[in-house]
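# Survey of secondary and tertiary structure
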Amino acid sequence: MILKPSGILLIAGGLLTFVASIWVFILEGIFGTTAGTLIVLFLFLVGGLELSSGRSVWRAEIGSWKGIMTSLGLSLPFRAIMVYYSEDTYLFWTGAIIGIGELLSFTFLYFNRGFFLPSEEERAGVMGKIEVSAVKTAAECPNCHAIVEIDWDSCPDCGTALSKSCAKCGAPLERGAVKCSSCGTDVEKPAHILRTIETLRASAEEDVPPETKSSRFARLGESYLKNGEIEKALDVYEKAIEYTGYDRKRCHFMVKMATILKNTGKTDDAMVLLDDAIEMDPQDYAGAAKLKSEILGGGSQRTEASGVPQSS
Ligand SMILES: [Zn+2]
Ligand SMILES: [Zn+2]
């Protein structure tokens, strides 16, 4: 690595400029004169620039190339002037050596801008993130036409499997795929859904009135659906049914469960639930009879929509 030695050299150059400016100040007897003060201030400025660019070179700071080139380009002529007028042997030689080193560093860094550019990997990472967030737009459930997000596995309203595509290459993903079969990218579970599931699960376990508990379990069920966890969703809807004291609310959850069962290919289980619901609430506010006739009529009336039955 050439950057560390260059960095040290520039820092040494900066320090030498400071020493030289004090030296000039004392030896040349220009203390107190306006010109002398200006010279010393100027040398301090050049020294400071060198120090900071030395630090940038040492750390290979991304994006610092232009600044380094500018301050090196400024300090080189002054190094030359300092060396040329130097009457002290010690100052002359250290100045000359550092000056040559700076010239070499300047030349080398000029042609190696790449050290101060973000690596391909970093750029790809940033672009990848942009692509992922750009892809995450709303879509429509093919079955119930609810608005769904692109990273949901199933529709939270009806349980229909949603098609997902690889965030990197755009290839369609199979349900439950861990890796993209086309480019091998890991399929990540959306972190925000997992967090919501955790939060809702904890809040459903809290010691709250049964009706609140029932509603929280129902919300948890929707999050499980978004994450494609059909069985867990059905489990928590069962709990929502168990905790509520109202038959209509219970029927509503039963129809919801039946909808999920129907859309995941378990029509028999769905029918059992719907019959129970109709029996419990003959006025059928929850729409069990409608769903039942849809199933008996061989799928939904929206034929374009029935979705791919899912096996799990
Ligand atoms: Zn839907
Ligand atoms: Zn892919």
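See the structure above.
In this report, the structure presented in the accompanying data block is examined. (Residues numbered from 1 in each chain as written. Chains lettered and ligands numbered in written order. Predicted model: local features only at pLDDT ≥ 70, side-chain atom pairs only at ≥ 80, totals over all residues. Heavy atoms only, no water.)

## Here's the deal with the coordination of the zinc ion (ligand 1)
Binding of the zinc ion (ligand 1) to the protein goes through Cys141 (SG), Cys144 (SG), Cys155 (SG) and Cys158 (SG), at separations of 2.2 to 2.3 Å. Taken together, the four donor atoms coordinating the zinc ion (ligand 1) and their angles of 106 to 113 degrees define a geometry best described as tetrahedral. Donor residues for the zinc ion (ligand 1) sit on one chain with the sequence pattern C-x2-C-x10-C-x2-C. Overall, Cys144 belongs to the partly exposed group, its relative accessible area being 26%. (Donors = N, O, S within 2.8 Å, 3.2 Å for Na, K, Ca; no water. Tetrahedral: all angles 85-135°; square planar, octahedral: opposite > 155°, others 65-115°. Buried < 20%, exposed > 50% of the residue type's maximum accessible area, 1.4 Å probe, protein only.)

## Details of unusual backbone geometry
Phi at His145 is positive, roughly 65 degrees, even though this residue is not glycine. Of note, His145 is situated in the loop between strand E1 (138–140) and strand E2 (147–149). Taking the relative accessible area as the measure of exposure, His145 reaches 32% and is therefore partly exposed. Positive phi, close to 50 degrees, is recorded for Asp284, a residue that is not glycine. With respect to the secondary-structure elements, Asp284 resides in the loop between helix H10 (267–280) and helix H11 (288–296). (Helix = DSSP H or I, 4+ residues; strand = E, 2+ residues; numbered from the N terminus.)

## Regarding the pattern of salt bridges
Scanning the entire structure with this criterion turns up 14 salt bridges. Among the salt bridges present, the one from Arg79 reaches Glu102, with a minimum N-O distance of 3.1 Å. With Arg79 in helix H3 (residues 65–85) and Glu102 in helix H4 (residues 89–111), this pair connects stretches of sequence that are 23 residues apart. Arg79 gets classed as buried once you look at its relative accessible area, which sits at 4%. (Salt bridge = Lys/Arg side-chain N within 4 Å of Asp/Glu carboxyl O.)

## Some points on the packing of helix H9 (residues 247–263) against H11
Across the interface, H9 lies against H11 with an axial gap of 10 Å and an inter-helix angle of 15 degrees. Taken as axis vectors, H9 and H11 run roughly parallel relative to one another. Considering the relative orientation of H9 and H11, their crossing is left-handed. Contact residues: Val255, Ala258, Thr259 and Lys262 in H9; Ala288, Leu291, Glu294 and Ile295 in H11. Of the residues contributing to the contact of H9 with H11, the split by class is five nonpolar, one polar and two charged. (Axes fitted to C-alpha atoms, helices over the stretch in contact; angles between N-to-C directions. Parallel < 35°, antiparallel > 145°, perpendicular 65-115°, else oblique. Left-handed = near helix turned anticlockwise from the far one by under 90°. Contact = heavy atoms within 4.5 Å. Nonpolar A, V, L, I, M, F, W, Y, C, P; charged D, E, K, R; others polar.)

## Looking at the coordination of the zinc ion (ligand 2)
All of the protein donors around the zinc ion (ligand 2) are Cys166 (SG), Cys169 (SG), Cys180 (SG) and Cys183 (SG); their distances to the metal are 2.3 Å. In this structure, the zinc ion (ligand 2) is surrounded by four donor atoms whose angles at the metal cover 106 to 111 degrees, and the resulting shape is tetrahedral.

## Regarding H10
Compared with the 20 Å implied by 1.5 Å per residue over 14 residues, the 20 Å span of H10 between its first and last C-alpha is a close match. For H10, the complete set of buried residues consists of Ala270, Met271, Leu273, Leu274 and Ala277. Angular distribution of buried residues about the axis of H10 spans 170 degrees; they occupy a single face of the element. Exposed and oriented more than 90 degrees from the buried face of H10 are Asp268, Val272 and Glu279. Tucked into the core, H10 has its buried residues touching H9 and H11. (Expected span 1.5 Å × (residues − 1). Arc of directions from axis to C-beta.)

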